[in-house]
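The lines below spell out each chain.
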Amino acid sequence: MIDDLGAAVSELLRSHRSIRRFKTDPIAPALIERICDDAIRGSSSSGNLNSFALVLTEDPARKDHLCALHYDQPMIRQAPLLITFCADVHRTRRWLALRDARDNFNNLQGFLVAAFDAIILAQSVALGCEAHGLGICYLGTTVDAATEIAKYLELPETCVPVTSLVVGYPDEAPAARDRLALGAYLHRERYRPPADEDLLGLYADREIKGWQRYQALGPGMAQQMADHGITSLAQFYTSDLKYTPSRCEATSEQFSQLLIDSGYTDRLRATARRRED
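Computed from a predicted model, the values in this text were never measured in an experiment.

1. Things to note about the nonpolar core
One finds Phe85, Phe111, Val125, Val167 and Tyr264 to be the most contacted residues of the largest nonpolar core, which totals 32 residues. Each residue touching Phe111, except ones within four places of it in the same chain, is listed here: Ala87, Phe105, Val160, Val162, Phe255, Leu259 and Tyr264.

2. Examining helix 2 (residues 29–42)
Here helix 2 spans 20 Å end to end across 14 residues, near enough to the 20 Å set by a 1.5 Å rise per residue. Among all positions of helix 2, only Leu31, Ile32, Ile35, Cys36 and Ala39 are buried. Projected onto a plane normal to the axis of helix 2, the buried residues spread over an arc of 130 degrees and lie on a single side. Turned more than 90 degrees from where helix 2 packs its buried face, Pro29, Ala30, Glu33 and Arg41 sit exposed. On its buried side, helix 2 packs onto strand 1 (52–57), strand 2 (81–88) and helix 6 (108–131).

3. What about the environment of Pro174?
Tracing the backbone through its elements, the reader meets Pro174 in the loop between strand 4 (159–168) and helix 9 (196–215). On the basis of relative accessible area, Pro174 is assigned to the partly exposed category, the value being 28%. When the C-alpha positions of Pro174 and Arg20 are compared, they lie 9.1 Å apart, and in sequence the two are 154 residues distant. In this structure, Pro174 is in contact with Arg17, Ser18 and Ile19, ignoring residues within four places of it in sequence.

4. Some thoughts on the layout of surface pockets
The calculated volume of the largest pocket comes to roughly 1800 Å³. Every residue lining the largest pocket is counted, 44 residues in all, and those nearest its centre are Arg20, Arg177, Arg213, Lys242 and Tyr243. Of all the secondary structure elements, the ones that give two or more residues to the lining of the largest pocket are helix 1 (2–14), helix 4 (74–78), strand 3 (135–138), helix 7 (141–144), helix 9, helix 11 (233–237) and helix 12 (245–261). The element best represented in the lining of the largest pocket is helix 9, accounting for 5 residues.

5. So, the packing of aromatic side chains
Under the criterion given, the structure shown has 6 aromatic pairs. Relative to Tyr237, the ring of Phe236 lies with its centre 6.3 Å away and its plane at 65 degrees, an arrangement referred to as edge-to-face. Given a relative accessible area of 2%, Phe236 falls into the buried group. Here Tyr237 falls in the partly exposed class, since its relative accessible area comes to 28%. An aromatic cluster is present here, built from Tyr214, Phe236, Tyr237 and Tyr243 joined pairwise through their rings. Note that Arg213 overlies the ring of Tyr214, its terminal NZ or CZ placed 5.2 Å from the centroid.

6. Focus: the pattern of salt bridges
By the definition in use, this model includes 12 salt bridges. Here Arg77 ties to Asp72 by a salt bridge, and the two come within 3.1 Å at their closest N and O atoms. Residue classification places Arg77 among the partly exposed residues on the basis of a relative accessible area of 39%. Of the charged contacts, one joins Asp88 and Arg91 as a salt bridge, the two residues approaching to 3.5 Å between their closest N and O atoms. Classification of Arg91 by relative accessible area gives partly exposed; the value is 39%.

Calculation rules
- Residues numbered from 1 in each chain as written.
- Predicted model: local features only at pLDDT ≥ 70, side-chain atom pairs only at ≥ 80, totals over all residues.
- Heavy atoms only, no water.
- Core = buried A, V, L, I, M, F, W, Y, C linked by side-chain atoms within 4.5 Å.
- Buried < 20%, exposed > 50% of the residue type's maximum accessible area, 1.4 Å probe, protein only.
- Contact = heavy atoms within 4.5 Å.
- Helix = DSSP H or I, 4+ residues; strand = E, 2+ residues; numbered from the N terminus.
- Expected span 1.5 Å × (residues − 1).
- Arc of directions from axis to C-beta.
- 1 Å grid on protein atoms, 1.4 Å probe; cavity = no way out; pocket = protein on both sides within 12 Å on 5 of 7 lines; lining within 4 Å.
- Points joined across faces, edges and corners; volume = space filled by probe spheres on them.
- Phe/Tyr/Trp six-rings, centres within 6.5 Å; stacked < 30°, edge-to-face > 60°.
- Lys NZ or Arg CZ within 6 Å of the ring centre and 35° of its normal.
- Salt bridge = Lys/Arg side-chain N within 4 Å of Asp/Glu carboxyl O.

In structure tokens form, the structure reads like this:
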């Protein structure tokens, strides 16, 4: 029985695919709630405070607005459901206040703990969806657009979006994305950086498959790469066509400001003011 369960979990993990084309078929509300409830009950949480919130968006007009914030990715409009996962200590802080307890968690540690809780939950929801035949795709653009998403979803103080899942029935069957060999990630007892030649060896297959994948992304991509002087997958990743450093720096500044505006760094600011005085 245990062996069968282990084999089923292993198969579920290894069969993961990010789905970007969805059928418009609706998902039964009872199934959505079951998946979310199972995930909440089965996800580890720091102090059992469950410092997260999920916002389900199914209304087409509201999905359309969020789609625009996520750089107009068509799959958001196709899929019947968009879930936004938030690092939320607002609920806990209200409970503390109502029970005459000291306020806390409106600080950087509070945000990090809540963000980790929310990400753990998101992966549990993702696995639950896939176990029920649904497809999912994470939206890294949640961090890019966090400020506007927070406003649109009317998130309260100390509640910040950290990731999102597009959910629906798959309308494609993409091939599995490659991963590096286990030795690239796994260290025993201490971190052991590989020698340069070994590191290049770990990425050798990725260099070929990743390059071919991105070259095949629509008409003109190969020409755009050539126009930008891109000759390797590594160069592509930090080019203006992918993760340009200036955009990452701008997003970092915006997200830092969001943490301040949402009240997550109140105590840090108070400490800084005391030091200045």
